[in-house]
Structures are given as structure tokens and as C-alpha cells.
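Here are the chains, one letter per residue:
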Amino acid sequence: MLIKEQNIMTNKTETFISYLLDFYGPGGVYDFGVTRDDILLALGIRLARNTVLPFDGDSMDREMVRDIILEAKPQLATI
């Protein structure tokens, strides 16, 4: 990966993490108390599990990552 491509991916990833925290983090639209570490772990799993669908950082990715977090931490689904 070229440095420019890496910078774009880093910016996209940071934007996506903020997007998820706005939805599922403390005070978010659906406050599950999700942390940055939860998101990073789930994002890594999403990227490893689904190599066919490219990462766009959109609502589809958001929901996939949310589902992975809730699989790992089912107690959050009851909040």
C-alpha cells in the first residue's frame, strides 16, 4: 500500500470510529457504552470475516461492526 493510500485509509478509519462512537458510544444515539477499543477489535474482525464486501465506512459497515460488538458483549444488547 502506498503512503498516500495508507493516509486515506487512516483518515477513513478515524472518521468511521467517530461515526460509530456517535451512534453506540457513551451519549450516542444508541448508547451501548461502546469504546474505541471495542470498535477497533470489531472492525478488525469485520475486515477479516468479509473480504468480498469492501470497507466503505458506511451504514452497512456500521451495522456489521455493531453486530460483532454485540456478539462479543451480549450484555450490551439489553441496554
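Criteria and cut-off values
Residues numbered from 1 in each chain as written. Predicted model: local features only at pLDDT ≥ 70, side-chain atom pairs only at ≥ 80, totals over all residues. Heavy atoms only, no water. Helix = DSSP H or I, 4+ residues; strand = E, 2+ residues; numbered from the N terminus. Expected span 1.5 Å × (residues − 1). Buried < 20%, exposed > 50% of the residue type's maximum accessible area, 1.4 Å probe, protein only. Arc of directions from axis to C-beta. Polar contact = N/O pair within 3.5 Å; in protein donor to acceptor, adjacent residues only side chain to side chain.

End to end, helix α2 (residues 36–49) covers 20 Å across 14 residues, agreeing with the expected 20 Å (1.5 Å per residue, within 8%). Looking only at α2, the buried set comprises D38, I39, A42, L43 and R46. All buried residues of α2 fall inside an arc of 125 degrees around its axis, so they share one side. For α2, the exposed residues lying more than 90 degrees away from the buried face are D37, L41 and A48.

Taking 1.5 Å per residue as the helical rise, helix α3 (residues 59–72) with its 14 residues ought to reach 20 Å, and the 20 Å between its terminal C-alpha atoms agrees with that figure. Regarding α3, the residues found buried are D61, R62, M64, V65, I68, I69 and L70. For α3, the capping residue at the N-terminal end is D58, with a side-chain oxygen 3.2 Å from the backbone nitrogen of M60.

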